[in-house]
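So the chains spell out like this:
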Amino acid sequence: MDTIVIGGGQSGLTAARALKNAGLSPVILEAGEQPTGSWSRYYDSLTLFSPARYSSIPGHPFPGDPDGYPHRDAVVAYLQDFADSLGVEIRTGTRVTSVEAAQGGFAVHTADGQLLHAAGVVAATGSFGNPYVPDLPGAFTGRTLHAADYRNPKEHAGQRIVVIGAGNSAVQIGYELAEVASVTLATRYPVQLVPQLIGGKDIHHWHHTTGFDSLPPAWLARIAQHTPVLDTGDYAAALSDGRMDRRPMFTAFDGEAVVWSDGDREPVDTVIFATGYRPDLGYLAPLGPIEHVGGISTTHPGLAYVGLEFQRSFASNTLRGVTADAEHIATPLAAWASGALAAYGL
């Protein structure tokens, strides 16, 4: 085969479309049972932070109200519909365990014992499968979980909970837990709330019209030190009236308690790490370090990446932004795959 796309979420699906449009016949390998990526595994109340009109994959608009904020399940249905429209081979239930260099391209190994060869490979597995949990001093005897494993507030009713993190997911989870539990956000810097609406329009309208979405990572690093949290006013009110509070990050675990920066030792029931993710690319270990420019590998011709955070822009790993990155890698990958196929008779 000419190209294998590893991962069947938004990144893999858009990559496959771009590769097909470039004249290739990509095969998508997806570990899950649906070509919808990690969306079905997010917490129950998750809604997009951007309205449908600014969350759609170009050429495949979200159904319904373009100014509404799609729920997790709506995104799952949307991606399934997009997958069905592509006309490419999608093998679900196929987890890739390793990728090795081989004559004319790559050898792809799967958990069920398959060995597949391709001239080109696109790594499009995102990061949800690799949640990041920082190593903190001390030991904790209460319950810990990452935001990736959080589902809903029901099982936490009446608890004392600390949510670690200052991003959108941390605040959204903390806010809904505060309805049934006592919640503190533990952060290394103050929560940076920004208005969801500016001048009567969603902030993503301004991201789109000003070109902010396309800013390169090197420029973003100069102007955005911390992740902003989009707020309609509810989060600010909850922090102001004490429904949830924010404290500087605690310094250590101590049995059933956390030790706050002022030395106060407080017993807590559950600590939730809303501390983000790292690229889920362990299967590429045989190829060595991840080195790329804009998603094009600088170490292995024929290898490309789609869906990495800030891969080429602010919007790189979003529904609205991943298409530009997919199209960026498709043309050179098609040129490489065609040459490799001709040279090695694949």
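Structure: above.
All of the points below concern the structure found in this document. All values derive from a computational prediction rather than experimental measurement.

Here is what the cut-offs are and how they apply
Residues numbered from 1 in each chain as written. Predicted model: local features only at pLDDT ≥ 70, side-chain atom pairs only at ≥ 80, totals over all residues. Heavy atoms only, no water. Helix = DSSP H or I, 4+ residues; strand = E, 2+ residues; numbered from the N terminus. Rg over C-alpha atoms; globule rule 2.2 N^0.38 Å. Contact = heavy atoms within 4.5 Å. Areas by Shrake-Rupley, 256 points an atom, 1.4 Å probe, with all protein chains shown as cover. Phe/Tyr/Trp six-rings, centres within 6.5 Å; stacked < 30°, edge-to-face > 60°. Buried < 20%, exposed > 50% of the residue type's maximum accessible area, 1.4 Å probe, protein only. Lys NZ or Arg CZ within 6 Å of the ring centre and 35° of its normal. 1 Å grid on protein atoms, 1.4 Å probe; cavity = no way out; pocket = protein on both sides within 12 Å on 5 of 7 lines; lining within 4 Å. Points joined across faces, edges and corners; volume = space filled by probe spheres on them. Nonpolar A, V, L, I, M, F, W, Y, C, P; charged D, E, K, R; others polar. Salt bridge = Lys/Arg side-chain N within 4 Å of Asp/Glu carboxyl O. Axes fitted to C-alpha atoms, helices over the stretch in contact; angles between N-to-C directions. Parallel < 35°, antiparallel > 145°, perpendicular 65-115°, else oblique. Left-handed = near helix turned anticlockwise from the far one by under 90°. Polar contact = N/O pair within 3.5 Å; in protein donor to acceptor, adjacent residues only side chain to side chain. Pairing = 2+ DSSP bridges. Right-handed = clockwise from strand over helix to strand, strands pointing away. Core = buried A, V, L, I, M, F, W, Y, C linked by side-chain atoms within 4.5 Å.

**With respect to the overall build of the protein chain**
Regarding its fold elements, the protein chain presents seven helices and 22 strands. Radius of gyration (C-alpha) of the protein chain: 22 Å, near the 20 Å computed for a compact globule of 346 residues. Viewed in the frame of its principal axes, the protein chain has a C-alpha envelope of about 70 × 45 × 35 Å. Put simply, 64% of the contacts in the protein chain that link residues at least 6 apart link residues at least 24 apart. Element-wise, carbon and sulfur atoms account for 52% of the exposed surface of the protein chain, whose accessible area totals about 15400 Å².

**Description of the packing of aromatic side chains**
Considering all chains together, one arrives at 11 aromatic pairs under this definition. Centroid distance Phe 250 to Phe 253: 5.2 Å. Interplanar angle 50°. Geometry classified as tilted. For the pair shown, Phe 250 and Phe 253 are each scored as buried. One aromatic cluster is present, formed by Trp 39, Tyr 42, Phe 128 and Tyr 277 through successive ring pairs. Here the guanidinium or amino end of Arg 278 rests over the ring plane of Tyr 132, the centre of that ring lying 3.9 Å away.

**A word on the layout of surface pockets**
As a volume, the second largest pocket reaches approximately 350 Å³. Forming the boundary of the second largest pocket are 19 residues, of which His 208, Asp 213, Ser 214, Arg 320 and Gly 321 lie nearest the centre. Those elements giving two or more residues to the lining of the second largest pocket turn out to be α4 (203-210) and α7 (322-344). Among the residues forming the lining of the second largest pocket, the class breakdown is four nonpolar, 10 polar and five charged.

**Some details on the pattern of salt bridges**
Scanning the model with the defined rule gives 11 salt bridges in all. In this structure, Asp 262 engages Arg 247 in a salt bridge whose closest nitrogen and oxygen atoms are separated by 3.3 Å. Here Asp 262 is found in the loop between β17 (257-259) and β18 (265-267), whereas its partner Arg 247 is found in strand β15 (residues 244-248), with 15 residues between them in sequence. The closest approach of N and O atoms between Asp 325 and Arg 312, which form a salt bridge, is 2.9 Å. Taken as a pair, Asp 325 in helix α7 and Arg 312 in the loop between β22 (303-305) and α7 lie far apart in primary sequence, 13 residues in all. Under the relative-accessibility criterion, Asp 325 is labelled buried at 1%. Classification of Arg 312 by relative accessible area gives partly exposed; the value is 30%.

**Quick notes on the packing of helix α1 (residues 10-21) against helix α2 (residues 72-86)**
Their axes nearest at 10 Å, the elements α1 and α2 cross at an angle of 20°. Here α2 runs roughly parallel to α1, going by the angle between their axes. Here α1 runs over α2; the crossing is left-handed. Where α1 approaches α2, its residues Gln 10, Leu 13, Thr 14, Arg 17 and Lys 20 are matched on the opposing element by Leu 79, Phe 82, Ala 83 and Leu 86. Across the contact of α1 with α2, the residue classes break down as five nonpolar, two polar and two charged.

**A word on the environment of Thr 187**
Of note, Thr 187 is situated in strand β10 (residues 182-187). Along the primary structure Thr 187 and Gly 165 are separated by 22 residues, whereas in three dimensions their C-alpha atoms are 5.4 Å apart. Thr 187 has contacts with Gly 165, Ala 166, Arg 246, Arg 247, Pro 248 and Met 249, leaving out every residue within four places of it along the chain. Looking at Thr 187, its side chain comes within polar contact range of the side chain of Arg 246, at 2.7 Å.

**Some thoughts on empty space enclosed by the protein**
Under the counting rule described, the total for this entry stands at one cavity of 30 Å³ or more. For the largest cavity, the calculated volume is near 40 Å³. Taken together, Leu 284, Leu 287, Gly 288, Pro 289, Ile 290, Thr 299, His 300, Leu 303 and Tyr 305 form the lining of the largest cavity. Class assignment of the residues belonging to the lining of the largest cavity gives a composition of six nonpolar, three polar and no charged.

**Describing the environment of Leu 46**
Along the chain, Leu 46 falls in the loop between β2 (27-29) and α2. Dropping the residues within four chain positions of it, Leu 46 is found in contact with Trp 39, His 71, Arg 72 and Gln 172.

**Some points on the pairing of β10**
Every other side chain in a regular strand lies on the same face of the sheet, so the side chains alternate between the two faces. The buried count for β10 comes to five of six residues, which makes it a mostly enclosed element. Here five bridges tie strand β9 (residues 160-164) to β10, and the two strands are oriented parallel to one another. Within β10, the position partnered with Val 162 by the bridge is Thr 184. For the handedness criterion, the β-α-β arrangement of β9, helix α3 (residues 168-177) and β10 is classed as right-handed.

**Section: the nonpolar core**
When a protein is soluble and globular, its nonpolar side chains tend to lie buried together. Of all hydrophobic cores here, the largest spans 57 residues; its most connected members are Val 122, Val 163 and Leu 319. With 19 residues, the next largest nonpolar core counts Val 99, Leu 116, Tyr 283 and Leu 284 among its residues.

From the geometry alone we can't say anything about function, so treat these as descriptive.
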